[in-house]
Amino acid sequence: MRWIGLDYGDKTIGVAMSDELGWTAQGLEVIHRRKPGEDIERLEAIVKQYDVTQIVVGLPKNMNNTIGPRGELAIEFSKELEQKLSVPVHLWDERLTTVAATRTLLEADVSRKKRKQVIDKMAAQLILQGYMDANLKR
């Protein structure tokens, strides 16, 4: 049983993957969005390669718990994923995951250039780990 977590953005999609037991999440890659549909094709390849059974998409909510334009885009993307990949997709509140990822990288003294390269997959890792910790019985 493998899960992937996604930090969905306008320019990139951070991807994280669970271990086979569903205990831990690790950053996998960052998909740079260039042409419509390419990102779905890459995710389909990941799902097949790693035999992914579930997908968690970060849902950016406002601090007052409402869903704004970014959240609506994430919801539409998750529906498209579920339809095209035939894999269950779950939404998970991603508020402050990028802030937490940035803080962790700053504390580790990672350079600005390197932070930019890994921040999205680290946010995806936090999204997936949060979902698994809250919802999977161990």
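In what follows, the structure referred to is the one given above.
Right, let's walk through the structure included here. (Residues numbered from 1 in each chain as written. Predicted model: local features only at pLDDT ≥ 70, side-chain atom pairs only at ≥ 80, totals over all residues. Heavy atoms only, no water.)

### Here's the deal with the pattern of salt bridges
Line of reasoning, step 1. Applying the stated criterion across every chain yields a total of seven salt bridges.
Line of reasoning, step 2. Across the pair Arg42 and Glu29 runs a salt bridge, and its minimum N-O distance is 2.7 Å. With a gap of 13 residues between them, Arg42 in helix H1 (residues 38–50) and Glu29 in strand S3 (residues 25–32) connect regions that are remote in the sequence.
Line of reasoning, step 3. For Arg42, a relative accessible area of 30% puts it in the partly exposed group.
Line of reasoning, step 4. In this structure, Glu44 engages Lys48 in a salt bridge whose closest nitrogen and oxygen atoms are separated by 3.7 Å. (Salt bridge = Lys/Arg side-chain N within 4 Å of Asp/Glu carboxyl O. Helix = DSSP H or I, 4+ residues; strand = E, 2+ residues; numbered from the N terminus. Buried < 20%, exposed > 50% of the residue type's maximum accessible area, 1.4 Å probe, protein only.)

### Topic: the sheet that holds strand S2 (residues 12–18)
Line of reasoning, step 1. Strand order in the open sheet formed by five strands is S3-S2-S1-S4-S5, and the pairing between neighbours is mixed. Unpaired on one side and paired on the other, S3 and strand S5 (89–93) mark the two borders of the sheet. Across the sheet, the mean angle separating the axes of adjacent strands is 25° when strand polarity is ignored.
Line of reasoning, step 2. Sheet analysis places strand S4 (residues 52–59) next to S5, joined by five bridges and oriented parallel. Looking at the pairing, Val56 lines up with His90 of S5.
Line of reasoning, step 3. Across the sheet, H1 touches strand S1 (2–8), S2, S3 and S4, and the angle it forms with S3 is around 150°.
Line of reasoning, step 4. Sheet strands in contact with helix H2 (residues 69–85) are S1, S2, S4 and S5, and its direction is about 170° off that of S4. (Pairing = 2+ DSSP bridges. Axes fitted to C-alpha atoms, helices over the stretch in contact; angles between N-to-C directions. Contact = heavy atoms within 4.5 Å.)

### Notes on the nonpolar core
For soluble globular proteins, the rule of thumb is that nonpolar side chains tend to be buried together.
Line of reasoning, step 1. Core analysis: the largest hydrophobic core is formed by 22 residues, its most contacted members being Ile4, Leu6, Leu43, Ile55, Phe77 and Leu81.
Line of reasoning, step 2. The set of elements that each furnish at least two residues to this core consists of S1, S2, H1, S4 and H2.
Line of reasoning, step 3. Considering each element in turn, this core owes the most residues, five residues, to H2.
Line of reasoning, step 4. Aside from chain neighbours lying at most four places away, what touches Leu81 is Leu6, Ile40, Leu43, Ile55, Val57, Ser86 and Val89.
Line of reasoning, step 5. Of all hydrophobic cores here, the second largest spans 10 residues; its members include Trp3, Ala25, Ala124 and Tyr131. (Core = buried A, V, L, I, M, F, W, Y, C linked by side-chain atoms within 4.5 Å.)

### Some points on the packing of H1 against H2
Line of reasoning, step 1. Where H1 meets H2, the axes come as close as 11 Å, and the angle between the chain directions of the two elements is 55°. One finds that H1 runs oblique with respect to H2. Note on packing geometry: the crossing formed by H1 with H2 is right-handed. Residues Asp39, Ile40, Leu43, Glu44 and Val47 of H1 form the contact with H2, whose own contacting residues are Phe77, Glu80, Leu81, Lys84 and Leu85.
Line of reasoning, step 2. Residues that form the contact of H1 with H2 fall into these classes: six nonpolar, no polar and four charged. (Parallel < 35°, antiparallel > 145°, perpendicular 65-115°, else oblique. Left-handed = near helix turned anticlockwise from the far one by under 90°. Nonpolar A, V, L, I, M, F, W, Y, C, P; charged D, E, K, R; others polar.)

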